[in-house]
Amino acid sequence: MGIPEGTLPVGWWIGFKVLDKEVWEKVKDGTYPMFSIEGEVE
């Protein structure tokens, strides 16, 4: 990722796993180059 060894970056790191095989193929082929997370709270 280009982070020098021994450097602790400041911030949040999260990961996602795409379970839908068709959607994952579209991610890999560039059809879906990015996505957004949406949430609601009361």
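Residues numbered from 1 in each chain as written. Predicted model: local features only at pLDDT ≥ 70, side-chain atom pairs only at ≥ 80, totals over all residues. Heavy atoms only, no water.

*Asks:* Lay out the overall build of the protein with the relevant residues and their values.
*Replies:* Across its full length, the protein holds one helix and zero strands. If you line up the protein on its principal axes, its C-alpha atoms span 40 × 35 × 15 Å. For the protein, buried positions account for 0% of its 42 residues. Accessible surface computed for the protein: about 4,800 Å², of which carbon and sulfur atoms make up 58%. Taking the average location of the 4 positive side-chain charges in the protein and that of its 8 negative ones, the two points are 11 Å from each other. (Helix = DSSP H or I, 4+ residues; strand = E, 2+ residues; numbered from the N terminus. Buried < 20%, exposed > 50% of the residue type's maximum accessible area, 1.4 Å probe, protein only. Areas by Shrake-Rupley, 256 points an atom, 1.4 Å probe, with all protein chains shown as cover. Lys, Arg positive; Asp, Glu negative; His and termini not counted. Charge placed at Lys NZ, Arg CZ, Asp CG, Glu CD.)

*Asks:* Run through the environment of Gly 39, naming residues and quoting values.
*Replies:* With respect to the secondary-structure elements, Gly 39 resides in the segment after helix H1 (21–29). Once the C-alpha coordinates of Gly 39 and Glu 22 are considered, the two residues, 17 residues apart in sequence, prove to be 24 Å apart.

*Asks:* Now, about the packing of aromatic side chains: what can you tell me, with residues and values included?
*Replies:* All told, the structure shown has one aromatic pair when counted by the stated rule. When the ring of Phe 16 is compared with that of Phe 35, the centres are 5.2 Å apart and the planes differ by 90°; the resulting orientation is edge-to-face. Pair noted here: Phe 16 is in the segment before H1 and Phe 35 is in the segment after H1, with a separation of 19 residues, a long-range link. Considered together, Phe 16 and Phe 35 belong to a single accessibility category, that of exposed residues. (Phe/Tyr/Trp six-rings, centres within 6.5 Å; stacked < 30°, edge-to-face > 60°.)

*Asks:* Residue-level account of the pattern of salt bridges, with values.
*Replies:* A full pass over the atoms with the stated rule returns one salt bridge. Between Glu 25 and Lys 28 there is a salt bridge, with its nearest N and O atoms 3.2 Å apart. Here the residue Glu 25 and the residue Lys 28 both occupy positions in helix H1, the gap between them amounting to three residues, near one helical turn. Exposure remark for Lys 28: the relative accessible area of 52% places this residue in the exposed category. (Salt bridge = Lys/Arg side-chain N within 4 Å of Asp/Glu carboxyl O.)

*Asks:* Can you lay out a nonpolar patch on the surface for me, pointing to particular residues and giving the numbers?
*Replies:* Together, Val 18, Val 23, Trp 24, Val 27 and Tyr 32 give the surface a local cluster of nonpolar side chains, amounting to about 370 Å² of exposed area. Among the secondary structure elements, Val 23 is positioned in helix H1. For Val 23, a relative accessible area of 30% gives the class partly exposed. (Patch = residues over 30% accessible without salt bridge, like charges linked within 9 Å, V, L, I, M, F, W, Y side chains within 5 Å.)

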